[in-house]
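Listed here are the chains, written in short residue letters.
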Amino acid sequence: MQETPFCLRLGHLLPYSMSDSNTTDFTNPSTFILLGIPGLEAAHVWISIPFCTMYAIAIMGNFTILYIVKMEPSLHGPMFYFLCMLAISDLVLSTSILPKTLSIFWFNSREIDFSACLTQMYFIQFFSVMASGILVAMAFDRYVAICDPLRYSTILTNPLVAKIGLAMVLRGSILVLPIPFLARRWPYCRTNIIPHAYCEHMAVVKLACADIRISSYYGLSVVFFVTGLDVFFITVSYIQILRAIFSLPTKDTQLKSLGTCSSHLCAILAFYIPALFSFLTQRFGRNVALHFHVLMANVSFLVPPMLNPIIYGVRTRQIRDRLRCFVSHKGT
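Residues numbered from 1 in each chain as written. Predicted model: local features only at pLDDT ≥ 70, side-chain atom pairs only at ≥ 80, totals over all residues. Heavy atoms only, no water.

(A) Fine view of the overall build of the protein chain. Scanning the protein chain from N- to C-terminus turns up 12 helices and 3 strands. Split into buried and exposed, the 332 residues of the protein chain put 50% on the buried side. For the protein chain, contacts bridging at least 24 residues in sequence account for 77% of all contacts bridging at least 6. Surface accessibility of the protein chain: about 16400 Å² in total, with carbon and sulfur atoms responsible for 68%. (Helix = DSSP H or I, 4+ residues; strand = E, 2+ residues; numbered from the N terminus. Buried < 20%, exposed > 50% of the residue type's maximum accessible area, 1.4 Å probe, protein only. Contact = heavy atoms within 4.5 Å. Areas by Shrake-Rupley, 256 points an atom, 1.4 Å probe, with all protein chains shown as cover.)

(B) Local environment of a nonpolar patch on the surface. Residues Phe225, Leu229, Phe232, Phe233 and Val236 make up a contiguous nonpolar surface patch of roughly 440 Å² in combined accessible area. Examined against the element boundaries, phenylalanine 225 turns out to sit in helix H9 (residues 213–246). (Patch = residues over 30% accessible without salt bridge, like charges linked within 9 Å, V, L, I, M, F, W, Y side chains within 5 Å. Salt bridge = Lys/Arg side-chain N within 4 Å of Asp/Glu carboxyl O.)

(C) Highlighting the packing of helix H3 (residues 78–107) against helix H11 (residues 290–315). Packing of H3 against H11 leaves a shortest axis separation of 9 Å and a crossing angle of 145°. Relative to H11, H3 is oriented so that their crossing is left-handed. On H11, the residues that touch Leu83, Leu86, Asp90, Leu93, Ser94, Ile97, Leu98 and Thr101 of H3 are Asn298, Phe301, Leu302, Pro304, Pro305, Asn308 and Tyr312. Among the residues forming the contact of H3 with H11, the class breakdown is 10 nonpolar, 4 polar and 1 charged. (Axes fitted to C-alpha atoms, helices over the stretch in contact; angles between N-to-C directions. Left-handed = near helix turned anticlockwise from the far one by under 90°. Nonpolar A, V, L, I, M, F, W, Y, C, P; charged D, E, K, R; others polar.)

(D) Looking closely at the packing of aromatic side chains. All chains considered together, the criterion is met by 13 aromatic pairs. Relative to phenylalanine 126, the ring of tyrosine 122 has its centre 5.7 Å away and its plane inclined at 25°; by these criteria the two rings are stacked. Of this pair, tyrosine 122 and phenylalanine 126 both sit in helix H4 (residues 114–147), 4 residues apart, roughly one helical turn. Accessibility expressed as a relative area gives 17% for tyrosine 122, which makes it buried. Linked through ring pairs, Tyr122, Phe123, Phe126 and Phe127 together constitute an aromatic cluster. One cation-aromatic arrangement involves arginine 185 over tryptophan 186; the distance from NZ or CZ to the ring centre is 4.8 Å. (Phe/Tyr/Trp six-rings, centres within 6.5 Å; stacked < 30°, edge-to-face > 60°. Lys NZ or Arg CZ within 6 Å of the ring centre and 35° of its normal.)

(E) Here's a closer look at unusual backbone geometry. The backbone of asparagine 108 sits at a positive phi, close to 55°, despite the residue not being glycine. Here asparagine 108 lies in the loop between H3 and strand S2 (111–113). On the accessibility criterion, asparagine 108 (43% relative accessible area) is partly exposed.

(F) Highlighting the pattern of salt bridges. Per the stated rule, a full pass over the model turns up 5 salt bridges. Across the salt bridge formed by aspartate 141 and arginine 142, the nearest N and O atoms sit 2.8 Å from each other. The exposure class of arginine 142 is buried, given its relative accessible area of 10%. Of the charged contacts, one joins aspartate 211 and arginine 213 as a salt bridge, the two residues approaching to 2.7 Å between their closest N and O atoms.

What follows is the structure, given as structure tokens:
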């Protein structure tokens, strides 16, 4: 099988030639080849600058959140435990993608082992599902804090927070586990060139020379089930929260209560809007350029980890005050 037709479909020429073993029939290839952002190879170095900047901010910001919560006993409460879970999820999710993407941009290191590709696919899907679940848990935390504040400490105990965290881990691992297993069982006899910057689920399974409807339908069902259910619970929580807020007697108390939810609402928007836009353009935007698909997919995984520590650092008084004290202490 010749490579030229595949390259022409991508709209550009590959910067290297494949060996014969990559163009003959194989059930499981030893390696895949990641193209980065197809059509924008000449701009890879320039694209890497904002990507690397966002990744650096995400790493520093989330580690700062974890450090501040660990060092400040007054922050050892349910809301900040959930925030730490979100920070860990953001760290793993961004690290699952960016180092390999940057190695493609900087060093043209395009090869990825078949098993490593499936592992990356699993981590991306797993921690995306986990992050969505943590946002639901944080909505529940805000619901109890505003709608039933007198029982907050008795409802959201440390054991319950631990159980919620464990439930999010189990949900993500169980729901996502079939995705790489299904991907592994397909025969890949067309090519091992992935027109993407990382091992995105559908970009990989579309290379299989088999009926991949099971993988496609299962991936869709996980996205719709997780996103639909989580957004539903978040919406129900905030309907009850807003009803409780607007029943408060004064404008000052209403604004103060809204302020306690503002960080979480910003985090929800930062997570779901880029992810939904990327998903819709990949699944239904057939006339959208391939490089735009890949760019949006990368941005959707970079923006939330970068913004979350900024949002909570700016909007949460306890974290802001503790960070200010830490910075001034270091300066002294």
